[in-house]
Amino acid sequence: MSQPQHGVSLASVYQARRRIAGQVVRTPLIRSQALSERFDAEILLKLETQQPTGAFKLRGAANMIAALIERHGRDALAAGVTTASTGNHGRAVAYAAARLGVPATICLSRLVPANKVAAIEALGAEVRRVGESQDEAFGEVERLVCERGMTLIPPFDDPRIAAGQGTIGLELMEDAPDLDRVIVGLSGGGLLGGIGAAVKAIRPEANITGVSLAHGAAMWESLQAGRPVAVEEVASLADSLGGGIGLDNHCTFELVREVMDDHCQVSEEAIAHAMVDILEHEKLLVEGAAAVGLAALAAHGLDVRGERVALVLSGNGVALETLDRARAMVGR
Ligand SMILES: *Cc1c(COP(=O)(O)O)cnc(C)c1O
């Protein structure tokens, strides 16, 4: 069989699942009675919030590190793995590396608050604090790769990362084989691309709907332009969906272009409503990026009547101040 250019196939997702079994949680898919009634559809929630690091990113990070060990041996990784991320990806790399017995160095700017630094250290990684911005922290990552022989674990743009996230798609197909649609947050595209590759291979008629922020939607603007473009980053309740896709993107741009059927963009107000609704009615704490699927259903007029729909609740990494901000916007 010919390998697609983006390098992600159903076989690579199955391979990922075998590698990460035991490192990540096979998360539940639960039916929401309230949302099913509200949208006159069967609404299912995929609880990635139950991963030990609070988000799905563990799947991709664990798959890539395990694949590197498998291919090159543990000794080749003696210098360790590295990345620059304060958020779910940094936590995922720290946790997966510790579990797989590989040293991890997470580079963070000096502006990252002490509690976030401590949280990553507590997962077993070394934290290096450099510079005053994410860009400077990333410069340090490049230096560690060049000078110390460390291995970069990127947040989305690698077929091993996307295949790891794609294991969510396999679980969805097992738990809801007749699924009509998956609604999933879209940023760098590892999550949507991986899920789409798995689901489309098993059930081609299932619809993959991506949801981006109203402003700074790098993947969506890149798809419109026909090539990766840079966008201005805007602060959002869904901070995990911020950031670019990389002007030299070599995997997820092509992958998302291939598998995504529908797309919508959601406002901050819609995200705030969705976060508070999920907390109040589902009793689940989710971050903004995990609430965009519901925001799209509620505010975008996305018509799913009669469909069987999975919303991927991608993570719970939300600070209480952010939740307070969402509640203040909604007035509840
Ligand atoms: C990273 C992340 C996303 C987006 O994933 P991409 O692979 O970058 O598209 C969505 N939700 C949460 C919670 C995330 O951490």
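Residues numbered from 1 in each chain as written. Predicted model: local features only at pLDDT ≥ 70, side-chain atom pairs only at ≥ 80, totals over all residues. Heavy atoms only, no water.

1. Quick look at the site of the ligand
Part 1 of the argument: Close to the ligand lie 15 residues; K57, N88, G188, G189 and S314 are nearest.
Part 2 of the argument: Contact between the ligand and G189: an oxygen atom at 2.8 Å from a main-chain N or O atom of the residue.
Part 3 of the argument: Separating a nitrogen atom of the ligand from a side-chain N or O atom of S314 is a distance of 2.7 Å.
Part 4 of the argument: Contact with the protein chains hides 97% of the accessible area of the ligand, taken as 380 Å² for the molecule alone. (Near = heavy atom within 4 Å. Polar contact = N/O pair within 3.5 Å; in protein donor to acceptor, adjacent residues only side chain to side chain. Areas by Shrake-Rupley, 256 points an atom, 1.4 Å probe, with all protein chains shown as cover.)

2. A look at the domain arrangement of the protein chain
Part 1 of the argument: Partitioning the protein chain into domains gives domain 1 (10–55 + 159–330) and domain 2 (57–152).
Part 2 of the argument: Between the C-alpha centres of domain 1 and domain 2 there is a distance of 24 Å.
Part 3 of the argument: Taken together, the contact between domain 1 and domain 2 spans 26 residues of the former and 18 residues of the latter.
Part 4 of the argument: Considering only the surface of domain 1 that becomes buried against domain 2, Q23, T53 and R160 emerge as the three largest contributors, covering 36% of it. (Domains from an automatic or database assignment. Contact = heavy atoms within 4.5 Å. Buried area = accessible area lost by both parts, 1.4 Å probe.)

3. Regarding the pattern of salt bridges
A side chain with one charge may pair with a side chain of the opposite charge, provided their charged atoms come close.
Part 1 of the argument: By the definition in use, this model includes 26 salt bridges.
Part 2 of the argument: Between R31 and E42 there is a salt bridge, with its nearest N and O atoms 3.2 Å apart. Of this pair, R31 sits in strand β1 (residues 29–31) while E42 is found in strand β2 (residues 42–47), placing the two residues eleven residues apart along the sequence.
Part 3 of the argument: R31 gets classed as partly exposed once you look at its relative accessible area, which sits at 41%.
Part 4 of the argument: Overlapping salt bridges bring together R17, R26, E174 and D175 as one network. (Salt bridge = Lys/Arg side-chain N within 4 Å of Asp/Glu carboxyl O. Helix = DSSP H or I, 4+ residues; strand = E, 2+ residues; numbered from the N terminus. Buried < 20%, exposed > 50% of the residue type's maximum accessible area, 1.4 Å probe, protein only.)

4. Notes on the sheet that holds strand β4 (residues 104–108)
Part 1 of the argument: Sheet architecture is open: four strands sit in the order β5-β4-β3-β6, paired in parallel fashion. Strands at the two margins of the open sheet, each flanked by one partner only, are β5 (126–129) and β6 (151–152).
Part 2 of the argument: As judged from the two bridges shared by strand β3 (residues 81–83) and β6, these two strands associate in the parallel manner. Counterpart to T82 in the pairing with β6 is L152.
Part 3 of the argument: Running at roughly 145° to β5, helix α5 (residues 114–122) makes contact with β4 and β5 of the sheet. (Pairing = 2+ DSSP bridges. Axes fitted to C-alpha atoms, helices over the stretch in contact; angles between N-to-C directions.)

5. Concerning the side chain of S32
Part 1 of the argument: Counting through the fold element by element, S32 comes out in the loop between β1 and α2 (33–39).
Part 2 of the argument: Residue S32 is classed as buried on the basis of its relative accessible area, which comes to 1%.
Part 3 of the argument: For S32, the side chain forms a polar contact with the side chain of E282, separated by 2.7 Å.
Part 4 of the argument: Apart from residues no more than four positions distant in its own chain, S32 is found in contact with I43, L45 and E282.

6. Digging into the nonpolar core
Part 1 of the argument: One finds I43, L45, I271, M275, L297 and L311 to be the most contacted residues of the largest nonpolar core, which totals 40 residues.
Part 2 of the argument: For M275, the contacting residues outside a window of four places in its chain are L237, V286, E287, G288, A291, V318, L323 and A326.
Part 3 of the argument: Within the second largest apolar cluster, 38 residues are counted, among which are V8, L29, A176 and L191. (Core = buried A, V, L, I, M, F, W, Y, C linked by side-chain atoms within 4.5 Å.)

7. Brief notes about the environment of G139
Part 1 of the argument: Within the secondary structure, G139 is located in helix α6 (residues 134–148).
Part 2 of the argument: Residue G139 is classed as partly exposed on the basis of its relative accessible area of 31%.
Part 3 of the argument: Once the C-alpha coordinates of G139 and C107 are considered, the two residues, 32 residues apart in sequence, prove to be 9.1 Å apart.

8. Description of the environment of I30
Part 1 of the argument: Tracing the sequence through the fold places I30 in strand β1.
Part 2 of the argument: Judged by its relative accessible area of 33%, I30 is partly exposed.
Part 3 of the argument: Put simply, I30 and A217 are 187 residues apart on the chain and 29 Å apart in space, counted from C-alpha to C-alpha.
Part 4 of the argument: Ignoring sequence-local partners within four residues, the contact set of I30 consists of I43, L44, L45 and L47.

9. Remarks on the UniProt feature "domain: Tryptophan synthase beta chain-like PALP" (unreviewed entry) in the protein chain
Part 1 of the argument: As annotated in UniProt, the feature "domain: Tryptophan synthase beta chain-like PALP" (unreviewed entry) corresponds to residues 23–315 in the numbering used here.
Part 2 of the argument: Across residues 23–315, the secondary structure splits into 45% helix and 16% strand, with the terminal C-alpha atoms separated by 17 Å. (UniProt positions renumbered as here; feature names shortened; annotations may be inferred.)

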